Amino acid sequence: MKTTGKTLLKGSQITIKCLELLGVEVVFAYPGGQAIELHQALIDSDLRVVLPRHEQGGAFAAGGYARATGRVGVAMATSGPGATNLVSGIADAYMDSVPTVFITGQVSSRMIGKNVFQETDIIGVTRPIVKHSFLVLDAAELPEIMRRAFEIAASGRPGPVVVDIPKNIQQQICEFDPAALKMTPEVRPAPSESEIAEIRRLIAESVRPCVYAGGGIISAGASADLVRFVEGYNLPVVTTLMGIGAIPDEHPLYLRWLGMHGTGAANYAANECDLLIALGARFDDRVTGDPAKFARHATIVHVDVDDSEINKNKRADLGITADVKLTLEALNRSPRRQDRVEWFARIEAWKRKFTFPFHYSRREDIIQPQYVVETLSRLTGGDAIIVPGVGQHQMWAAQFYNYHFPRQLLTSGGLGAMGFGLPAAMGAQIGRPDKLVINIDGDGSFQMNIQELGTLFVEEIPVKMVVIDNQHLGMVAQWEDRFYGSRRGNTILGRCKGGIGGGPELCAECRGDRCTGLPYPDFVAIAAGYGIEGRHVFDRGELEEAIRAMIAAPGPYLLDVHTGYSEHVLPMIPPGGDYTGIIVE
């Protein structure tokens, strides 16, 4: 589909040509009746098309690609159920500010609103969870719409855009002018000189300052600027879960991440500071708990590119709508360092009190999930891209792997979508073929998109999978243990209802806190059915050798690590509580 100047093309061909000219490399696309024209056009394109085994898998894969690369991820589906299957991936991208474009086929424009076969108003369905959406009613408008979709997805605070194209518009023949695809340079909002001066003044006058950095730092490409900022002014820094990797874990000013399962030192520093500088963070509930109780004695500076976030969850004394990278660059031009001996002494005391950064009571008789992640970090040199699912394993992946660079931990933070891990890792690996990509998952989360094993095999995507297999919906079970008297409300996934926290009856193979009977489900057998190599790990002594074999495998590989359910994610701030009630054991 080579084009010079203007030419006559179908709307479907124009759509695909737009993707090519906008620099798209890969599309995660599942066909269907109202998208068949688009797939016919893809046949004649040089774009890489990855066929997921479920549209939700394709949506998460597009998000994983975007998270890993910073470029716009693209997923495509047909109308009706194809489009609605994208919704979780769209919501995930919206919550975590991930630049994505979702293209959906739609029934013929003259049939819209008549409830015809496989019709769904995907524009209406997704309106609350997109930055913008387009219903295309004239193929001639496609170049401008596609350009705007990509500009909107990637500019300012990134996010998802939906482009819905009826089948008759895909079939419409019209003139295509590639000149309409010329991108408009983004104008990033900069802070004023007076705002920068005010931040400097507040830092100079503070006794107990703390920097609170969110995922906006990574989205803006401002990680190096953040490091220069905290070093130049000698400021302790905490991050959100989404901000992990913005500053290396080993940096002496970094107190790790804060919030419900963050470090005691990070939570105390953020709450007992007299100046909190929030950069690209949104004061979400998993960080603040009750916002009225969060950093209650601090002067708050909030810098965010999205003006709707300023004063939304927490009132700021100084709210600045600006690009966080431009803000840090301005602050870094003439830093003023102060020693703050007493403040750092208090922080060191919190580190000692709460055993910084994270710890657990080690056992030699079982494989503990924390030990799995620690061993994985050591054997990979902390250099892999980690993509967890959602649950206990997600928190352990954040706590016990050592992160050194941005876009290294890719996680469903805002939506918390189980089933995210495997397909997102798939997209991340395609976007970063130079890196080792590891999906750390739980047996519950992994099963939600387990069919993407087929995509890994056919597309030869060498994602490594480590399943923390405890036969429970672990995070919900932990809440049951802590707040509901360990009453199990449908949180046991295995056949055996025994073991710690399971129930009074043990089967013949139960040993202490885990069942050593036949694996259920047998993930290794399932992987083998998809042509993927794997192995079980039951004993602590075999774990290291098994991880080494997984890393050395040239293609995708699944490691099913049987940990049993006995561990809780700690520290933990109870829901509705504050940092003073942090649970450490």
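Since the model is a prediction, treat every value here as computed from it, not as a measurement. (Residues numbered from 1 in each chain as written. Predicted model: local features only at pLDDT ≥ 70, side-chain atom pairs only at ≥ 80, totals over all residues. Heavy atoms only, no water.)

Some remarks on the overall build of the protein chain
Assigned secondary structure in the protein chain consists of 23 helices and 21 strands. The principal-axis extents of the C-alpha atoms in the protein chain amount to approximately 70 × 70 × 45 Å. Taking as baseline every contact in the protein chain between residues at least 6 positions apart, the subset at least 24 positions apart corresponds to 74%. Within the structure as shown, the protein chain displays about 22400 Å² of accessible surface, and the carbon and sulfur contribution to it stands at 51%. (Helix = DSSP H or I, 4+ residues; strand = E, 2+ residues; numbered from the N terminus. Contact = heavy atoms within 4.5 Å. Areas by Shrake-Rupley, 256 points an atom, 1.4 Å probe, with all protein chains shown as cover.)

A few points about the nonpolar core
Core analysis: the largest hydrophobic core is formed by 97 residues, its most contacted members being Leu226, Phe229, Leu276 and Leu279. Look past the residues within four positions of Leu276 in its chain and what remains in contact with it is Cys210, Tyr212, Ala270, Phe283, Phe294, Ala295, Ala298, Thr299, Ile300 and Val301. Ala77, Phe102, Ile123 and Ala424 belong to the second largest nonpolar core, which has 46 residues in total. (Core = buried A, V, L, I, M, F, W, Y, C linked by side-chain atoms within 4.5 Å. Buried < 20%, exposed > 50% of the residue type's maximum accessible area, 1.4 Å probe, protein only.)

A word on empty space enclosed by the protein
What the rule picks out here adds up to 1 cavity of 30 Å³ or more. Its boundaries defined by the atoms lining it, the largest cavity holds a volume of some 70 Å³. If you trace the largest cavity, you find it lined by Thr263, Gly264, Phe354, Pro357, Phe358, His359, Leu570, Pro571 and Val584. Class assignment for the residues of the lining of the largest cavity results in 6 nonpolar, 3 polar and no charged. (1 Å grid on protein atoms, 1.4 Å probe; cavity = no way out; pocket = protein on both sides within 12 Å on 5 of 7 lines; lining within 4 Å. Points joined across faces, edges and corners; volume = space filled by probe spheres on them. Nonpolar A, V, L, I, M, F, W, Y, C, P; charged D, E, K, R; others polar.)

Focus on helix α12 (residues 264–272)
The buried fraction of α12 is high, at 8 of 9 residues. The set of residues buried in α12 consists of Gly264, Ala265, Ala266, Asn267, Tyr268, Ala269, Ala270 and Asn271. Where α12 is buried, its residues contact β9 (209–213), β10 (237–239), β11 (254–257), β12 (275–279) and α15 (341–353).

As for the sheet that holds strand β4 (residues 73–77)
Within the open sheet, the 6 strands sit side by side as β3-β2-β4-β5-β7-β6. Their pairing is parallel. Strands with a single pairing partner mark the edges of an open sheet, and in this sheet they are β3 (48–50) and β6 (132–135). On average, each strand axis in the sheet is inclined to that of its neighbour by 20 degrees, with strand direction left out of account. Bridging between β4 and strand β5 (residues 100–106) involves 5 bridges; their strand directions are parallel. Note that in β5 the partner of Ala77 across the bridge is Thr104. Packed on one face of the sheet, helix α7 (residues 142–154) meets β4, β5, β6 and β7 (160–166) and runs near 160 degrees to β7. (Pairing = 2+ DSSP bridges. Axes fitted to C-alpha atoms, helices over the stretch in contact; angles between N-to-C directions.)

Some thoughts on the environment of Gly381
Structurally, Gly381 is set in the loop between α16 (369–380) and β15 (385–386). C-alpha separation for the pair Gly381 and Tyr401, spaced 20 residues apart in sequence, amounts to 9.7 Å.

Describing the pattern of salt bridges
Overall, the coordinates contain 31 salt bridges when judged by the stated rule. The closest approach of N and O atoms between Lys10 and Glu37, which form a salt bridge, is 3.1 Å. Note that Lys10 is positioned in strand β1 (residues 7–10) and Glu37 in helix α2 (residues 36–43), a separation of 27 residues in sequence. Owing to a relative accessible area of 30%, Lys10 belongs among the partly exposed residues under this scheme. Overall, Glu37 belongs to the buried group, its relative accessible area being 12%. Linked by salt bridges that have partners in common, Arg157, Asp306, Glu309 and Lys312 make up one network. (Salt bridge = Lys/Arg side-chain N within 4 Å of Asp/Glu carboxyl O.)

Describing the pairing of strand β13 (residues 299–304)
Two faces make up the sheet, and in a regular strand the side chains alternate between them. The element β13 is extensively covered by neighbouring structure, given that 5 of its 6 residues are classed as buried. Sheet topology note: the β12/β13 ladder contains 5 bridges and is parallel. Bridge assignment links Ile277 to a residue of β13, and that residue is Val301. Bridging between β13 and strand β14 (residues 318–321) involves 4 bridges; their strand directions are parallel. When the bridges of β14 are listed, Asp304 appears paired with Thr321.

Looking at the packing of aromatic side chains
The final tally for this structure, using the stated rule, is 15 aromatic pairs. When the centroid spacing of 5.2 Å and the interplanar angle of 35 degrees are considered together, the rings of Tyr268 and Phe354 count as tilted. Of this pair, Tyr268 sits in helix α12 while Phe354 sits in the loop between α15 and α16, and the two are 86 residues apart along the sequence. Side by side, Tyr268 and Phe354 carry an identical accessibility label, which is buried. Counting every residue linked through ring pairs, the aromatic cluster contains Tyr268, Trp343, Trp350, Phe354 and Tyr579. Its guanidinium or amino end placed over the ring of Tyr371, Arg540 lies 3.7 Å from that ring's centre, counting from NZ or CZ. (Phe/Tyr/Trp six-rings, centres within 6.5 Å; stacked < 30°, edge-to-face > 60°. Lys NZ or Arg CZ within 6 Å of the ring centre and 35° of its normal.)

Keep in mind these numbers describe shape, not what the thing actually does.
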